[in-house]
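One-letter residues, chain by chain:
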Amino acid sequence: MWTSDCQKSKDYAILIKTPGSFQEEHTMLQIAICDDEQYYREKIQFFISQYFDEQNLEYTIHLYASGEQFLSQFENSMKYDIVFMDISMKNLNGIQTAA
């Protein structure tokens, strides 16, 4: 089960598995960042890494430059505990990718 939230500063959908589900399934959080702008991919990665390191939590972050790249790996639809998805991307936008 996924929930979503949208930030106002930049159009993002943040998809998060229902609370508690990733704790039962994984010892390491699987996180995806999908944005067509490298600056934002790296900025989000920095903040996530900083937070999870401070919390002493294990995590893995995968970066994707487009919705097509994210969807090219079929297992991505169930692989990640948290997905940061840019809404405004060229060709296949974040809404289309998440659907």
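Scroll up to find the structure this text is about.
These numbers were taken from a predicted model, which means no experiment stands behind them.

Can you help me understand unusual backbone geometry in this one?
Glycine aside, the phi torsion of most residues is negative, and most peptide linkages are trans. Unusually for a residue other than glycine, Asn 56 sits at a positive phi of about 55 degrees. One can find Asn 56 in the loop between helix H2 (38-54) and strand E4 (59-64). Even without a glycine there, the phi angle at Asn 91 is positive, about 60 degrees. By secondary structure assignment, the location of Asn 91 is in the loop between strand E5 (82-86) and helix H5 (94-98). Judged by its relative accessible area of 73%, Asn 91 falls in the exposed class.

Which parts of the structure should I look at to understand the environment of Gln 73?
Mapped onto the elements of the fold, Gln 73 is located in the loop between helix H3 (67-71) and helix H4 (76-79). Note on Gln 73: relative accessible area 32%, which makes it partly exposed. Separated by 3.4 Å, the side chains of Gln 73 and Tyr 64 make a polar contact.

Reading the values: rules and limits
Residues numbered from 1 in each chain as written. Predicted model: local features only at pLDDT ≥ 70, side-chain atom pairs only at ≥ 80, totals over all residues. Heavy atoms only, no water. Helix = DSSP H or I, 4+ residues; strand = E, 2+ residues; numbered from the N terminus. Buried < 20%, exposed > 50% of the residue type's maximum accessible area, 1.4 Å probe, protein only. Polar contact = N/O pair within 3.5 Å; in protein donor to acceptor, adjacent residues only side chain to side chain.

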